[in-house]
Amino acid sequence: MAKMRTRNHRVVLSRSAGGDAGITVIMVILGAFMFLPMLYTLMQSLKPLDELWMYPPRFFVLKPTFRNFKDLFSLMNTSWVPFSRYIFNTVFTTIAGTFGHLLIASMCAYALAKIKFPGGRFMFKTIQTSLMFHATVTTVTSFILMSAFKMIDTYWAIIIPAWGSTLGLYLMKQFMDTNVADAILESARLDGANEFRTFWTIAMPMVKPAWLTLIIYSFQGLWNAGASIYIYSEQLKSFNYAIGQITAGGIRRAGASAASTVLMMAVPIIVFVISQSNIIETMGSSGMKD
Amino acid sequence: MSKELKAVRRTDITRRQWIWKEMKKNKVAYVMVAPYMIVFTLFTVLPVVLSAVISFTDFNMLQWPHFVGVSNYISLFFDDDIFLIAVKNTFIFAAIVGPASYLLSFLVAWFINELPPKVRALVTLIFYAPSISGQVYLIWATLFSSDAYGWANAMLIELGVIVKPIAFFQNAKYVMPLCIIVALWTSLGTAFLSFIAGLQGVDKSLYEAGAVDGVKNRWQELYYITLPSMGPQLMFGAIMSITGSFGFGGIVTALCGFPSVDYAAHTIVHHLEDYANQRYEIGYSSAIAVILFLIMIGANMLVKNIIAKLGR
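Since the structure is predicted, the reported quantities are computational estimates derived from the model, not experimental observations. (Residues numbered from 1 in each chain as written. Chains lettered and ligands numbered in written order. Predicted model: local features only at pLDDT ≥ 70, side-chain atom pairs only at ≥ 80, totals over all residues. Heavy atoms only, no water.)

A.B. asks: Pulling in residues and values, what's your account of the confidence of the model for chain B?
C.D. replies: Per-chain confidence: chain B averages 89 in pLDDT, with 96% of residues scoring 70 or above. Note on the complex model: pTM 0.89, ipTM 0.88. (pLDDT = per-residue confidence, 0-100.)

This is how it looks when you write it as structure tokens:
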């Protein structure tokens, strides 16, 4: 007979022990598939060179060392464009891209969600449709357009397209639909606040989880951006690109390369850990109604 | 009552006049959407339109383009064998990775739904992390490296299955399945988070009512209560998974090099990059882009309609 048991619910729901066991086994297998490669990446970065080239390979590190990270930082010092420049490039484009996106996408989302005006629905439909194709389709013609605007080989080539990210606008609009009550906006309007004021002082403070989510998504995209076809100058290239270049040196640099992977993955993971509950809250309204 | 004071009713004016009136009344809305819509139009809408136009020309970045009709499309389908391989591979890839990542995202989200919040957060992190960690997927190149220092080879040799190491990513037999596994590994992204949130958002009282009404086990609960309450999330997740399943070109290039051995993992994205970035045949590559665009939109529309039908 099915075992009766309480979980998060007040009323007892039936959950069979067999089902619980089966699900646990599946989850452990899937979890191992997801987690072990990540753990192995970390292990590799802590292995001294002789352990990296050991036969048969061992999963766990025997004599953990931070040697690889030290090597990575000393390799950084040898690059002809100072590494601080690459870091600046990534930080600058990330901040400019992310905050520009947050500002204009939130403002647009507010108007689309909370003001009824001719064309608004059509605009949102178009944006929603654009979620259906991958950006690779537009790289070639974007390049042509950017050359026409003289944006090639400038920071703008990275920053401005980031402002137009569609997923961010979509999530913000959906979140405002469900979480900003029309009545509150209406009373602010009656008190004489104009739309910009209503947007900035009433709506925005109510959607904190959504703007945190927009920031995280934009940040992830820009942080992980490697070589861009829109940038030629070495001095304008991203941290991710530069780190890939210095660790691409084959066997001798295998340790530094493993360390760089860990460094690059640690940042987005830490950011996600901090913001997880807000992102999940935002996703609560991500559903597509039609 | 004087005539001027009479309120204007919707029927007193033509539709066009009414729209114009509404537009004037909501001027501020247009100001607010303008910055985003301009960027969106310039870098998302216009490139698609421009691709469609250029695909009917022989543009090559050097000479003034000539109109060539549909000849780019004809060459693609009748003279370009590699393109047909790319189409086939793209469909295989998307048909496996899309649905598999969708199902995996949903199942994992559903399995962890009843765990205590802290444990759930940890499991979420474990499954989500590969999709946000940049180039961490290169670890698969280490695990399946072509020498005996790679795990896969070392294990097979130890077990006596093989004598000499296999060059997994240089072997036409293995590249496609391996790339699919790696793509799946990185595919629990936005759809996954959306499902987790959607499951948390299902009205708990429905479950209680269900238990009283005779829902016997978790599968019935899933079928009769959970899935019907999650329609919008299931739709959004499907679109994220499908669109994502067409965008794994970067992973393939990083693992197998370009072009992949015997074009075994050559997808439309690779074909596009080849003609655009290496050969500068922009007209031809635009035709490829248009086809890829149509395939993606078509696949999404199809699945969207299927899900909408199931929801009814």
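A.B. asks: Describe the domain arrangement of chain A, with residues and values.
C.D. replies: Residues and elements named next belong to chain A. You can read the domains of chain A as domain 1 (4-65) and domain 2 (76-283). Each of domain 1 and domain 2 has a C-alpha centre, and the two are 32 Å apart. On the side of domain 2, nine residues touch domain 1, which itself brings eight residues to the contact. Across the interface of domain 1 and domain 2, roughly 650 Å² is buried in total on both sides, 87% from carbon and sulfur atoms. Taken together, domain 1 and domain 2 are joined by zero salt bridges. Counting every contact that joins domain 1 to domain 2 gives zero residue pairs in polar contact (both at pLDDT 80 or more). Residue assignment for the side of domain 1 that touches domain 2 shows that the elements contributing at least two residues are α1 (17-46) and α2 (49-52). Take the side of domain 1 that touches domain 2: its biggest share by element is five residues, from α1. The residue inventory of the side of domain 1 that touches domain 2, partitioned by class, reads five nonpolar, three polar and no charged. (Domains from an automatic or database assignment. Contact = heavy atoms within 4.5 Å. Buried area = accessible area lost by both parts, 1.4 Å probe. Salt bridge = Lys/Arg side-chain N within 4 Å of Asp/Glu carboxyl O. Polar contact = N/O pair within 3.5 Å; in protein donor to acceptor, adjacent residues only side chain to side chain. Helix = DSSP H or I, 4+ residues; strand = E, 2+ residues; numbered from the N terminus. Nonpolar A, V, L, I, M, F, W, Y, C, P; charged D, E, K, R; others polar.)

A.B. asks: Now, about the packing of helix α13 (residues 254-283) of chain A against helix α5 (residues 117-132) of chain B: what can you tell me, with residues and values included?
C.D. replies: Relative orientation and spacing of two packed helices are given, respectively, by the angle between their axes and the distance between those axes. Axis separation between α13 of chain A and α5 of chain B bottoms out at 10 Å; the angle between their running directions is 140°. The two elements α13 of chain A and α5 of chain B meet at a crossing, and its hand is right-handed. Facing α13 of chain A, whose interface residues are Pro268, Ile269, Phe272, Val273 and Gln276 of chain A, α5 of chain B presents Ala121, Thr124, Leu125, Tyr128, Ala129 and Ile132 of chain B. (Axes fitted to C-alpha atoms, helices over the stretch in contact; angles between N-to-C directions. Left-handed = near helix turned anticlockwise from the far one by under 90°.)

A.B. asks: Any details on the interface of chain B and chain A? Residues and values, ideally.
C.D. replies: With 98 residues of chain B at the contact, the number on the chain A side is 98 residues. In this structure, the connection of chain B to chain A is made through one salt bridge. Notably, a salt bridge pairs Asp20 of chain A with Arg218 of chain B, separated by 2.7 Å at the nearest N-O pair. Linking chain B with chain A are 20 residue pairs in polar contact (both at pLDDT 80 or more). Among the elements that make up the side of chain B that touches chain A, the one with the highest residue count is helix α2 (residues 27-54) of chain B (21 residues). Class assignment of the residues belonging to the side of chain B that touches chain A gives a composition of 69 nonpolar, 19 polar and 10 charged.

A.B. asks: Go over the pattern of salt bridges with me, naming the residues and quoting the values.
C.D. replies: Counted under the stated rule, the structure contains eight salt bridges over all chains. The salt bridge partner of Lys25 of chain B is Glu22 of chain B, with a shortest N-O separation of 3.3 Å. Of this pair, Lys25 of chain B and Glu22 of chain B both sit in helix α1 (residues 15-25), separated by three residues, roughly a single helical turn. Counted as one network, the salt bridges with shared partners bring together Glu186, Arg189 and Glu195 of chain A.

A.B. asks: Please provide a residue-by-residue account of the environment of Leu42 of chain A, values included.
C.D. replies: All names here are of chain A. Tracing the chain through its elements places Leu42 in helix α1. A relative accessible area of 34% means that Leu42 is categorised as partly exposed. Sequence spacing of Leu42 and Met265 is 223 residues, and the spatial spacing of their C-alpha atoms is 10.0 Å. (Buried < 20%, exposed > 50% of the residue type's maximum accessible area, 1.4 Å probe, protein only.)

A.B. asks: Could you give me a rundown of the nonpolar core, with the residues and numbers involved?
C.D. replies: One broad rule of soluble globular proteins: the nonpolar side chains tend to lie buried together. One finds Leu112 and Met176 of chain A together with Tyr36, Phe93, Phe127, Phe192 and Leu193 of chain B to be the most contacted residues of the largest nonpolar core, which totals 181 residues. For Phe192 of chain B, the contacting residues outside a window of four places in its chain are Ser105, Val108, Ala109, Thr124, Phe127 and Tyr128 of chain B. (Core = buried A, V, L, I, M, F, W, Y, C linked by side-chain atoms within 4.5 Å.)

A.B. asks: Could you give an account of the domain arrangement of chain B, with specific residues and numbers?
C.D. replies: All names here are of chain B. On domain assignment, one finds that chain B holds domain 1 (1-54) and domain 2 (73-311). One C-alpha centre belongs to domain 1, the other to domain 2; they are set 39 Å apart. Tallying the contact residues gives four residues for domain 1 and five residues for domain 2. When domain 1 packs against domain 2, the two sides together hide about 350 Å² of surface, and 77% of this comes from carbon and sulfur. Contact with domain 2 buries area across many residues of domain 1, yet Val48, Ser51 and Ile54 alone supply 87% of it, more than any other trio. At the boundary of domain 1 with domain 2, the tally comes to zero salt bridges. In this structure, the connection of domain 1 to domain 2 is made through zero residue pairs in polar contact (both at pLDDT 80 or more).

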